[in-house]
Amino acid sequence: MIGAAYLMASVLFILGLQALGDARRARRGIRLAAFGMLVAVGGTLLHPQIASYLWIALGLAVGGGIGAAMAIYLPMTAMPQRIALSHAFGALAAVLVGIAEHLQRAGQLGRLELAALGLEVLLGSLTVSGSLMAFAKLQELLPGAPITYPGQNLANLTLFAASFALYVALMLHPASTGLLLAMAALGLMVGVLMVLPIGGADMPVVVSLLNSYAGLAAAATGFALDNQMLIVAGALDGASGFILSLLMCRAMNRSFANVLFGAFGQTAAATGPAVTVRCVTLEDAAVQLAFARRVVIVPGYGMAAAQAQQAVRELAEQIEARGGEVRYAVHPVAGRMPGHMNVLLAEAGVPYERLLELERANAELPDTDVALIVGANDVVNPAAREDRSSPLYGMPILDADRARAIIVLKRSLKPGFAGVENPLFALPHCALLLGDARETLGQLVARVKTL
Amino acid sequence: MIGAAYLMASVLFILGLQALGDARRARRGIRLAAFGMLVAVGGTLLHPQIASYLWIALGLAVGGGIGAAMAIYLPMTAMPQRIALSHAFGALAAVLVGIAEHLQRAGQLGRLELAALGLEVLLGSLTVSGSLMAFAKLQELLPGAPITYPGQNLANLTLFAASFALYVALMLHPASTGLLLAMAALGLMVGVLMVLPIGGADMPVVVSLLNSYAGLAAAATGFALDNQMLIVAGALDGASGFILSLLMCRAMNRSFANVLFGAFGQTAAATGPAVTVRCVTLEDAAVQLAFARRVVIVPGYGMAAAQAQQAVRELAEQIEARGGEVRYAVHPVAGRMPGHMNVLLAEAGVPYERLLELERANAELPDTDVALIVGANDVVNPAAREDRSSPLYGMPILDADRARAIIVLKRSLKPGFAGVENPLFALPHCALLLGDARETLGQLVARVKTL
Amino acid sequence: METLYIFILAGFVGWLVIARVPALLHTPLMAATNAISGISLVGSILLAGGGHGAVPTALGAVAVAAASINVVGGFLITDRMLKMFRRP
Amino acid sequence: METLYIFILAGFVGWLVIARVPALLHTPLMAATNAISGISLVGSILLAGGGHGAVPTALGAVAVAAASINVVGGFLITDRMLKMFRRP
Ligand SMILES: NC(=O)c1ccc[n+]([C@@H]2O[C@H](COP(=O)([O-])OP(=O)(O)OC[C@H]3O[C@@H](n4cnc5c(N)ncnc54)[C@H](OP(=O)(O)O)[C@@H]3O)[C@@H](O)[C@H]2O)c1
Ligand SMILES: NC(=O)c1ccc[n+]([C@@H]2O[C@H](COP(=O)([O-])OP(=O)(O)OC[C@H]3O[C@@H](n4cnc5c(N)ncnc54)[C@H](OP(=O)(O)O)[C@@H]3O)[C@@H](O)[C@H]2O)c1
């Protein structure tokens with residue numbers, strides 16, 4: 001019975017994720033997956049081994065309440081943090097289950113079961129602290145810049161080797177819960193120290209990697225408890241995290257190693273602007289936009305930071321009301337997580353067929369009257385295309401510089417996350433409109449209306 | 001050890017099939033899969049249970065010899081038959097293994113093992129005879145037209161019910177090899193009788209369905225022998241057969257039930273030509289083709305029947321030498337199996353980027369000077385688009401009728417497989433050039449050269 | 001051995017399914033896999049309700065809470081996001 | 001139970017993998033799955049070589065021959081076909 005419920009849940013999870021391949025079926029798919037979860041949890045609650053429902057009910061009520069509150073009240077712009085945080089929760093559950101399992105059955109665990117359980121606790125604890133660190137950096141509780149010191153990579157490697165040594169020791173002394181706890185403690189430290197030298201904007205890659213670790217930990221739990229559904233769900237999770245981090249690295253033209261050990265984004269605050277730029281008045285920008293036939297809006301992290309998505313759409317509507325055509329060019333790593341800009345624009349009610357992916361956007365940009373850049377920087381940096389010495393070189397970018405005119409909304413002349421000068425701003429047909437994106441857009445909307 | 005070999009083989013099969021998703025990696029993929037097979041067979045040969053290699057070697061030598069000879073000497077046009085025949089071989093092996101397994105371990109088989117074994121023998125025997133029938137129809141050893149008699153569907157259903165009853169009886173009397181053999185015999189009969197009423201051109205659907213039965217039989221063997229690799233390979237096979245038959249049905253806008261029980265193609269010989277058509281001289285056709293700027297060639301079953309693929313390409317080269325552009329419009333169910341035209345054109349050396357799939361072809365046909373139809377009929381029948389009363393109505397077709405001029409190569413005024421009049425031939429801008437496609441094309445090439 | 005097959009096959013399924021998700025839906029995808037990873041709730045429930053003594057029960061109750069944050073929060077927020085993606 | 005998981009997951013993998021094969025390669029695909037279905041060779045070999053007596057051995061030898069026609073023929077012909085697909 002319970003076995004059938006788990007099998008059914010596994011199938012529903014797969015079908016649910018498969019439906020995410022198509023935006024029109026996605027919502028139905030997620031409901032399938034949620035139904036699968038209900039089946040799995042329901043089946044478990046009927047398990048004859050359960051002696052008392054008190055603590056289960058309490059846990060469910062507390063967790064469910066917190067989860068629901070987070071889901072309902074959190075602004076969409078806080079999604080990256082939320083996801084990082086929840087990996088910590090998931091991994092925490094895995095670690096606690098693993099430790100308790102060991103406490104109860106230390107003597108009776110088979111060799112393979114023990115190996116799986118150890119992996120579960122090690123990966124889980126690393127994920128808990130790593131995810132909390134990522135959360136702190138994304139939430140800006142900690143400075144986003146990489147925190148480095150000499151010999152750091154060596155120190156981290158030593159620590160990692162030490163935790164692995166404890167893992168081996170555990171295999172040799174299967175009954176020692178002390179070893180298990182020590183390993184968990186070291187795992188927590190490794191998680192913290194590994195994330196320290198990674199810059200704030202590389203956090204999404206880290207978060208996705210931790211996601212795949214959490215998935216592996218869940219699969220290991222499945223091995224340890226002989227529960228196939230956990231293996232399936234863990235493998236799905238692991239694959240998802242791995243693919244997304246791979247896609248991000250590829251879109252940034254960087255290797256995993258560079259992200260994890262490169263302390264990228266270190267120089268963010270160091271270099272100052274050394275280019276001469278041209279600023280434009282609000283009035284002129286409004287006129288330019290109002291009379292443009294084809295406008296492409298390029299959103300970036302700044303749009304998320306300023307929560308400007310609604311204002312973006314209002315401006316687009318004004319332009320469209322005057323007969324102009326507005327489209328959005330979404331770079332795969334614009335913002336701070338995969339699909340970040342898509343969600344924000346969707347939240348503002350922009351229909352998704354207006355969004356152009358990289359290739360199509362670059363095919364259309366040369367025939368565009370105005371490219372309006374809303375808080376994007378690195379993803380439109382032409383140095384990535386042209387300047388071999390640039391750290392961005394080779395990263396595929398949006399060719400906003402090929403539009404007939406460019407208007408950039410940002411607050412200052414500071415560089416973007418990569419800490420690299422952007423020669424785009426110095427181009428003769430590029431004009432800056434400095435200020436918070438949301439405020440500037442609000443003013444632009446008001447002006448365009450009066451024209 | 002042997003378990004590891006089987007696991008590796010399973011993974012290699014998956015990777016191999018995955019590589020078929022991309023024409024450039026396909027060949028490497030097939031080699032991966034073949035290597036997987038080598039690993040699996042090699043691992044098996046090392047099995048300690050093997051007492052003598054004599055009969056194994058003999059079987060391998062005979063089978064390998066026949067297989068290699070068939071692969072090397074068989075013309076590409078005979079592929080549909082070959083595939084049908086080989087399903088019979090695969091299923092035969094499954095049936096024999098199942099029977100022998102039962103002979104040896106009749107008493108010791110568990111309930112689930114027995115159920116799997118019974119399924120293996122039933123599906124296998126049905127596939128053996130069904131595939132042989134399909135082979136005979138495709139090879140034209142039997143008439144292609146459906147063979148029907150009153151009460152046929154009822155008779156078939158009864159027979160199928162009877163074989164299922166034997167299956168149930170076997171479950172109740174696990175040790176009775178007699179029941180197993182009787183079931184196999186009935187299965188063979190069901191296979192024959194099920195295929196009798198299905199027309200020759202529906203054979204590909206049948207062959208693919210039998211492919212998926214053969215896959216299920218292999219998976220059942222895996223359940224019975226507790227061999228996971230067999231389960232994986234069988235499931236891959238089953239999925240492939242099922243998907244391909246589904247695609248074919250969809251491309252013909254027909255249901256499985258209609259294909260299996262509809263006795264489609266029955267009227268093929270019955271209706272005669274009732275339209276007035278215009279014929280063209282070889283000379284005129286050659287001039288038209290030689291001076292066309294954009295030519296689209298639409299190959300069909302007649303190209304395969306006439307083995308005209310090489311001649312098609314020669315003509316295309318002549319046209320291209322004169323500055324014309326030649327492309328090929330390939331309908332998903334042109335010919336007698338999925339991808340049939342693609343293989344033949346590839347054999348003739350046509351680079352695959354010249355081949356247009358349905359949608360692209362229909363986008364380009366209105367801007368085409370000459371559509372040259374080489375032995376295609378049903379797939380260019382505009383009645384499918386316009387005539388609600390036509391049996392083809394709803395099937396997506398190639399809009400050859402929208403080209404500026406149409407030249408049709410066929411031998412007579414007989415209809416194609418579906419046995420339906422083709423109003424295309426009566427259009428004012430359509431001209432027929434009667435005769436065997438290969439001969440006609442040879443003459444066309446010669447004429448175009450002299451122009 | 002069977003378990004290894006299951007893990008590898010599930011990995012393939014995951015890879016094939018996720019690779020087809022368009023960039024448009026990558027954020028909902030992250031939230032959805034997050035919710036699914038809350039499946040460790042199943043193990044946590046058995047622990048919290050198993051009556052194995054104070055420490056395991058306490059650990060279990062915390063685990064149940066942590067996992068159900070993911071389950072409830074994950075599915076709700078994914079649905080909330082997907083609701084925003086307007087049909088063209 | 002594990003076996004059922006394996007079957008279902010393999011079915012998913014098959015479905016996802018095969019659905020991505022372009023129409024261009026459908027005939028080679030049929031030939032390739034045909035070759036892979038020759039995997040029943042494995043069972044046939046154990047039967048033919050197991051020394052279980054005359055009847056099983058004879059059945060086994062025939063099964064080996066039948067399956068190896070598919071294996072050898074299937075892979076060779078698939079390769080022959082794919083060789084013909086010229087790169088653009
Ligand atoms: N999306 C992902 O999955 C992902 C993953 C890993 C790494 N990354 C990295 O993140 C970066 C994303 O590039 P991006 O072009 O989107 O962003 P960016 O290069 O980080 O630039 C953001 C820009 O927004 C401006 N900005 C910040 N707050 C603003 C506000 N309130 N109003 C107006 N402007 C504001 C900033 O300039 P001011 O300070 O002058 O205002 C800055 O130039 C890339 O380097 C990418 O590699 C992304
Ligand atoms: N491909 C698949 O997977 C598949 C699967 C199931 C069913 N089918 C069915 O098969 C049919 C395929 O359509 P199709 O348009 O390719 O073929 P078709 O409709 O069967 O027509 C073939 C044409 O070729 C001509 N022909 C035959 N031998 C010839 C020769 N030696 N030289 C010149 N012409 C010759 C015939 O006319 P003459 O006799 O006058 O020469 C006939 O009109 C469809 O009905 C489809 O539904 C295909």
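Being a predicted model, the structure only gives us computed values, none of them experimental. (Residues numbered from 1 in each chain as written. Chains lettered and ligands numbered in written order. Predicted model: local features only at pLDDT ≥ 70, side-chain atom pairs only at ≥ 80, totals over all residues. Heavy atoms only, no water.)

**Q** Please give an account of the overall build of chain A that cites residues and values.
**A** Looking only at helices and strands, chain A features 17 helices and six strands. Computed over its C-alpha atoms, the radius of gyration of chain A comes to 25 Å, within 12% of the 22 Å expected for a compact globule of 451 residues. Referenced to the eigenvectors of the C-alpha coordinate spread, the extents of chain A come out at roughly 80 × 50 × 35 Å. Considering only contacts within chain A whose residues lie at least 6 apart along the sequence, 77% involve residues at least 24 apart. Taken as a whole, chain A presents about 17500 Å² of accessible surface, with 64% of it coming from carbon and sulfur. (Helix = DSSP H or I, 4+ residues; strand = E, 2+ residues; numbered from the N terminus. Rg over C-alpha atoms; globule rule 2.2 N^0.38 Å. Contact = heavy atoms within 4.5 Å. Areas by Shrake-Rupley, 256 points an atom, 1.4 Å probe, with all protein chains shown as cover.)

**Q** Residues and numbers for the packing of aromatic side chains, please.
**A** Counted under the stated rule, the structure contains six aromatic pairs over all chains. Taking the centre distance of 6.0 Å and the plane angle of 25° together, the rings of B:Phe164 and B:Tyr167 count as stacked. You can see B:Phe164 and its partner B:Tyr167 sitting in helix α6 (residues 152-172), three residues apart, about one turn around the helix. Taken together, a centroid distance of 6.5 Å and an interplanar angle of 40° make the contact between B:Phe242 and D:Trp15 tilted. Of the two residues, B:Phe242 sits in helix α9 (residues 228-251) while D:Trp15 sits in helix α1 (residues 2-19), which places them in two different chains. On the basis of relative accessibility, which here comes to 36%, the residue B:Phe242 falls in the partly exposed class. Owing to a relative accessible area of 34%, D:Trp15 belongs among the partly exposed residues under this scheme. Note that A:Arg322 overlies the ring of A:Phe291, its terminal NZ or CZ placed 5.5 Å from the centroid. A:Arg336 extends its terminal NZ or CZ atom over the ring of A:Tyr301, reaching a point 3.8 Å from the ring centre. (Phe/Tyr/Trp six-rings, centres within 6.5 Å; stacked < 30°, edge-to-face > 60°. Buried < 20%, exposed > 50% of the residue type's maximum accessible area, 1.4 Å probe, protein only. Lys NZ or Arg CZ within 6 Å of the ring centre and 35° of its normal.)

**Q** Could you give an account of the side chain of B:Asn156, naming the residues involved and the relevant values?
**A** All names here are of chain B. Along the polypeptide, Asn156 turns up in helix α6. The buried category is assigned to Asn156, whose relative accessible area is 5%. When sequence neighbours within four positions are dropped, the list of residues in contact with Asn156 reads Tyr149, Leu193, Met194 and Pro197.

**Q** Tell me what's going on with the site of ligand 2, and back it up with residues and numbers.
**A** Residue and element names in this part refer to chain B. For ligand 2, the set of nearby residues contains 30 residues, the closest of which are Ala201, Asn377, Asp378, Ser412 and Asp436. Arg336 places a side-chain nitrogen or oxygen 3.0 Å from an oxygen atom of ligand 2. For ligand 2, an oxygen atom lies 2.6 Å from a polar atom in the side chain of Ser412. Against a free-state accessible area of 910 Å², the protein chains account for coverage of 96% of ligand 2. When residues of the shell around ligand 2 are traced back to their parent elements, those giving at least two are α12 (301-306) and β5 (405-410). Looking at the shell around ligand 2 element by element, the count peaks at four residues for α12. A class-by-class count of the residues in the shell around ligand 2 yields 16 nonpolar, eight polar and six charged. (Near = heavy atom within 4 Å. Polar contact = N/O pair within 3.5 Å; in protein donor to acceptor, adjacent residues only side chain to side chain. Nonpolar A, V, L, I, M, F, W, Y, C, P; charged D, E, K, R; others polar.)

**Q** Provide a residue-level description of the relation of the copies chain C and chain D, including the pertinent values.
**A** With an RMSD of 0.0 Å, the operation that places chain C on chain D is a rotation of 180° combined with a shift of 0.0 Å along the axis. These values place the two chain copies in the arrangement generated by a two-fold rotation axis. The fraction of interface residues of chain C whose copies in chain D are also interface residues reaches 100%, indicating that both copies meet through the same surface. (Least-squares fit on C-alpha atoms with pLDDT ≥ 70 in both.)

**Q** Please provide a residue-by-residue account of the site of ligand 1, values included.
**A** All names here are of chain A. Around ligand 1 there are 30 residues in total, and Ala201, Asn377, Asp378, Ser412 and Asp436 lie nearest to it. A distance of 2.7 Å separates an oxygen atom of ligand 1 from a polar backbone atom of Asn377. One of the backbone nitrogen or oxygen atoms of Ala437 is found 2.9 Å away from a nitrogen atom of ligand 1. When isolated, ligand 1 has an accessible area of 910 Å², and the protein chains bury 96% of it.

**Q** Quick one: what's the story with the nonpolar core, residue by residue and with numbers?
**A** One recurring pattern in soluble globular proteins: nonpolar side chains tend to sit buried together. Residues A:Leu441 and B:Leu441 are the most contacted members of the largest nonpolar core, which totals 362 residues. No other element matches helix α9 (residues 228-252) of chain A, which puts 13 residues into this core. What A:Leu441 contacts, discounting residues up to four positions off in sequence, is A:Ala308, A:Ala311, A:Val312, A:Leu315, A:Leu372, A:Val374 and A:Leu409. (Core = buried A, V, L, I, M, F, W, Y, C linked by side-chain atoms within 4.5 Å.)

Take it as geometry only, folks, not as evidence of what the structure does.
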